[in-house]
Amino acid sequence: MRRVDEAMKQVLSEAIPTLKDPRIGFVTVTTVETSRDLDHAKVWLSVFGNERQRAKTLEALAGASGVLQARINRELKLRRTPQLEFVYDRAVEHGVHMTHLIDELAPTDDDDAAT
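Below, the structure is looked at part by part. Counting restarts for each chain: residues are numbered from 1 in the order of the written sequence. Where totals are concerned, whole chains, interfaces and linings use all residues; where local detail is concerned, this predicted model gives features only for residues with pLDDT of at least 70, and gives and counts side-chain atom pairs only at 80 or more. Neither water nor hydrogens contribute to the side-chain values; these are computed over all heavy atoms in the structure.

Some thoughts on the overall build of the protein
From N to C terminus, the protein includes five helices and three strands. Listing each helix as α and each strand as β along the protein from the N terminus yields α-β-β-α-α-β-α-α. Put simply, 64% of the contacts in the protein that link residues at least 6 apart link residues at least 24 apart. A total accessible area of about 7,800 Å² is found for the protein, and carbon and sulfur atoms account for 53% of it. Only DSSP runs of H or I with at least four residues qualify as helices, and only runs of E with at least two residues qualify as strands; both kinds are numbered from the N terminus onward. Pairs of residues are marked as contacts when any of their non-hydrogen atoms sit within 4.5 Å. Throughout, the Shrake-Rupley method with a 1.4 Å probe supplies accessible areas, and for residues the shown protein chains are the sole cover considered.

What to know about the packing of helix H1 (residues 2-15) against helix H3 (residues 65-76)
Axis separation between H1 and H3 bottoms out at 10 Å; the angle between their running directions is 125°. Considering their axes alone, H1 and H3 lie oblique with respect to each other. Crossing geometry of H1 relative to H3 is assigned as right-handed. Facing Ala7, Met8, Val11, Leu12, Glu14 and Ala15 of H1, the residues of H3 in contact are Leu68, Arg71, Ile72, Glu75 and Leu76. Every axis in this analysis is a line fitted to C-alpha atoms, fitted for helices over the stretch in contact. Angles between the N-to-C directions lie between 0 and 180 degrees. Working definition: roughly parallel below 35 degrees, roughly antiparallel above 145 degrees, roughly perpendicular at 65 to 115 degrees, and oblique for all remaining angles. Left-handed describes a crossing in which the near helix is turned anticlockwise from the far one by less than a right angle; the clockwise case is right-handed.

Notes on the nonpolar core
To form a nonpolar core, buried Ala, Val, Leu, Ile, Met, Phe, Trp, Tyr and Cys residues must be joined to one another through side-chain atoms within 4.5 Å. The buried label goes to any residue with under 20% of its type's maximum accessible area, the exposed label to any with over 50%, and the partly exposed label to all in between, with areas taken from a 1.4 Å probe on protein chains only. Within the largest apolar cluster, 24 residues are counted, with the highest numbers of intra-cluster contacts made by Leu12, Ile16, Val43, Leu45, Leu61, Leu68 and Leu84. Listing elements by their share of this core, those giving two or more residues are H1, strand S1 (27-34), strand S2 (40-47), helix H2 (51-63), H3 and strand S3 (83-88). For isoleucine 16, the residues in contact, after removing those within four places along its chain, are Ile24, Val27, Val29, Leu45, Leu61 and Leu68.

Here it is, written out as structure tokens:
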């Protein structure tokens, strides 16, 4: 299943930027989790922008799921093509937040020179 997940991630990462929907912003496919029976796949995405832009992007991708499923079918030739569910991945946002917190707590060069 790991190979299927990685192959789907690759296909989707290449296919999403080619979609002509203006609602789709800058998207990175972070993870794909496919069910064992290939019936369903959860696609985790990082979307650049505010909450409104994220919602529009997820809505547009849900509308384009048929086109994306057809591309997966054409390129991977699986016995079944999973139904796609797009989910916003907050891990990247959380990582950026943690980096900012660490930067605030880290000593500056001025603090080192004073001691």
